[in-house]
Amino acid sequence: MDYPSRHKKFEQVMAERRLDGFVVTHPANLCYLCGYTGSNGMLLSISGQWIFFTDGRYTQQANDEVSGARVVIAKGPLLIEAAKLLAKHGSAAIGFEADNTSVAAAAEMRKLAPRKIRWKATAGLIMRLRIIKDAEELRLIRQAVDLGATVYAQAVKAIRPGARESEIAGKLEYAARKAGAEGMSFDTIVAAGKRSALPHGRASTQPIPRKGFVVVDSGVILRGYCSDLTRTVHVGRISREHRQWYEKVLQAELAGIAAVKSGVTAGEVDQAAREVLRRDGLDRYFTHSTGHGVGLEIHEPPRLGKGQAERLEPGMVITIEPGIYVPGKGGIRIEDMVVVTAKGAEILTPTTKELIEL
Ligand code: ZN
Ligand code: ZN
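Residues numbered from 1 in each chain as written. Chains lettered and ligands numbered in written order. Predicted model: local features only at pLDDT ≥ 70, side-chain atom pairs only at ≥ 80, totals over all residues. Heavy atoms only, no water.

**Some remarks on the coordination of the zinc ion (ligand 2)**
Counted only if it meets this: Donor criterion used throughout: N, O or S atom within 2.8 Å of the metal, extended to 3.2 Å for Na, K and Ca. Water excluded; incomplete-looking sites may result. A run of DSSP states H or I qualifies as a helix once it reaches four residues; a run of E qualifies as a strand once it reaches two. Both are numbered from the N-terminal end. The buried label applies to any residue whose accessible area, calculated with a 1.4 Å probe on protein chains only, is under 20% of its type's maximum; exposed applies above 50%, and partly exposed to all values in between.
Within the first shell, the zinc ion (ligand 2) binds the protein through D228 (OD), H292 (NE2), E321 (OE) and E335 (OE), at distances of 2.0 to 2.1 Å. Of note, the zinc ion (ligand 2) draws all its donor residues from one chain, in the sequence arrangement D-x63-H-x28-E-x13-E. The two metals, the zinc ion (ligand 2) and the zinc ion (ligand 1), are separated by 3.1 Å and share D228 as a common coordinating residue. With E321 in the loop between strand 15 (317-320) and strand 16 (323-326) and E335 in the loop between strand 17 (330-333) and strand 18 (336-340), this pair connects stretches of sequence that are 14 residues apart. Take E321 and E335: they sit in the same class, and that class is buried.

Structure, rendered in structure tokens:
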């Protein structure tokens, strides 16, 4: 990863905000700016220097992973160590991540830092860089997406009446770990029959019924990057109504992808998918937003929801995942990951979207 160029870009952001320094504590931001993946880390940027602090438990890991920053192993609280360093810098405005700092930690920072330090609460500044993926990140995301698709294909074979949802999820997660994934992006969703009407139906011990939809939503974390994939299959012979629902969700998903292009707003993409369902009165069953960004974290900006004004830019990686959830009957969701390009969208997910009847 090209950490020095990320540092340069962030130093520009700091300059725009009139910040002399910055304290990074959010784990995904630490990983993004210096490669560290452990816990209890803090990265300080001041006067063009980048210094990483952690404690003795992570000495080895910090030395192995941290790149582009000097590593300091602190004996006590990291803030005290950082404060000692800041004391040498006279008066300075230092930014911190308000969305990752507790009220107690902020009070502690004020207490420990030298008087001349002015703490400035900020939000989303590093995310502004992370939202556009560079070539190296896209390469890693493609690998994660491919692995996510492979393990899904293995797990789907285990779907049959009587098998428990948790068994399917377990097979999928085992295959992911066996193939080298560090973990799952989120708790695997396997929701069968009436439970498929739960948009976030975590795999339960319920057996797969003889007939109905099965929604499988899963993602792997591979070399730091997340994947996200949803497919819905049908067990037993599908009714005409259920087939129509499936076709409508698929059309909505395709319309969402077709709307993706550099310069359009996130809300316009959401609207394109929602409109397809609205024509058949199904939009009232579409109870979430159309998609979200994915990267080091499973849910990142931009959010593709109603009226979102943020404009898509080349290099953003997003999901398109409309669904309908009919209480008491069942639900369908279809989700792909795509990269925004100047002309449209490149679909990363290789998995077929044809209706599969098992
Ligand atoms: Zn998903
Ligand atoms: Zn998703």
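That shown, we press on.
**Considerations on the coordination of the zinc ion (ligand 1)**
Our working definition: Note on geometry labels: four donors, all angles 85 to 135 degrees, give tetrahedral; four donors become square planar and six octahedral when opposite donors are over 155 degrees apart and every other angle is between 65 and 115; remaining cases are irregular.
Summarising the metal site, the zinc ion (ligand 1) is bound by the protein donors D217 (OD), D217 (OD), D228 (OD) and E335 (OE), whose distances to it range over 2.0 to 2.6 Å. Classification of the site at the zinc ion (ligand 1) rests on its four donor atoms, whose angles at the metal span 55 to 148 degrees, yielding the label irregular. Within one chain, the residues serving as donors to the zinc ion (ligand 1) are arranged as D-x10-D-x106-E.

**Side note on the sheet that holds strand 9 (residues 212-218)**
The condition that has to hold: A pair of strands is treated as paired once DSSP finds two or more bridges between them. Axis geometry follows a simple rule: fit a line to the C-alpha atoms, using only the stretch in contact for helices, then measure angles between N-to-C directions, giving values from 0 to 180 degrees. It only takes one pair of heavy atoms within 4.5 Å for two residues to be counted as in contact.
Here three strands make up an open sheet; going across it, the order is 8-9-12 and the pairing antiparallel. Two strands close off the open sheet at either side, each with one partner strand: strand 8 (189-192) and strand 12 (229-235). For this sheet the average axis-to-axis angle between neighbouring strands, irrespective of direction, equals 15 degrees. Across four bridges, strand 8 lies against strand 9 in antiparallel orientation. The residue bridging V190 from the neighbouring strand is V216, located in strand 9. With respect to the sheet, helix 8 (residues 165-178) is in contact with strand 8 and strand 9, its orientation differing from that of strand 8 by roughly 150 degrees.

**Some remarks on empty space enclosed by the protein**
Basically, it comes down to this: The pocket and cavity definitions rest on a 1 Å grid over protein atoms only: a 1.4 Å probe that fits but cannot leave marks a cavity, an open set with protein on both sides within 12 Å along at least five of seven lines marks a pocket, and residues lining either have an atom within 4 Å of a point. Grid points are joined across faces, edges and corners, and a volume is the space filled by probe spheres set on the points. When residue character is reported, Ala, Val, Leu, Ile, Met, Phe, Trp, Tyr, Cys and Pro are called nonpolar, Asp, Glu, Lys and Arg charged, and the others, Gly included, polar.
Counted by the stated rule, this structure contains two cavities of 30 Å³ or more. Roughly 40 Å³ of internal volume is contained in the largest cavity. In terms of lining, the largest cavity is formed by Y152, R231, T232, V233, Y246, T351, T352, E354 and I356. Among the elements that take part in the lining of the largest cavity, strand 12 stands out by supplying three residues, more than any other. Its residues assigned to classes, the lining of the largest cavity comprises four nonpolar, three polar and two charged. In this model, the second largest cavity occupies a volume close to 30 Å³. If you trace the second largest cavity, you find it lined by V145, G148, A149, S227, D228, L229, M337 and T349. In the lining of the second largest cavity, the residues fall into four nonpolar, three polar and one charged.

**Observations regarding unusual backbone geometry**
The step from P301 to P302 runs through a cis peptide bond, and the omega angle for that step is -5 degrees. Along the polypeptide, P302 turns up in strand 14 (residues 300-304). Even without a glycine there, the phi angle at R18 is positive, about 55 degrees. By secondary structure assignment, the location of R18 is in the loop between helix 1 (3-16) and strand 1 (21-24). For R18, a relative accessible area of 73% puts it in the exposed group.

**Some details on the layout of surface pockets**
Let me state the cut-off plainly: The domain boundaries here were taken from an automatic or database domain assignment.
Considered as a void within the structure, the largest pocket measures approximately 460 Å³ in volume. Forming the boundary of the largest pocket are 21 residues, of which C31, T37, R223, G224 and L296 lie nearest the centre. Put simply, the parts of the chain that give the lining of the largest pocket at least two residues each are helix 1, helix 2 (27-34) and helix 7 (135-156). Looking at the lining of the largest pocket residue by residue, the classes come out as ten nonpolar, five polar and six charged. Both domain 1 (3-130) and domain 2 (135-347) contribute no fewer than three residues apiece to the lining of the largest pocket. In this model, the second largest pocket occupies a volume close to 380 Å³. Taken together, 20 residues make up the lining of the second largest pocket; nearest its centre are H200, D217, H292, H299 and E321. Put simply, the parts of the chain that give the lining of the second largest pocket at least two residues each are strand 13 (291-293) and strand 14.

These values are about where atoms sit, not about what they do.
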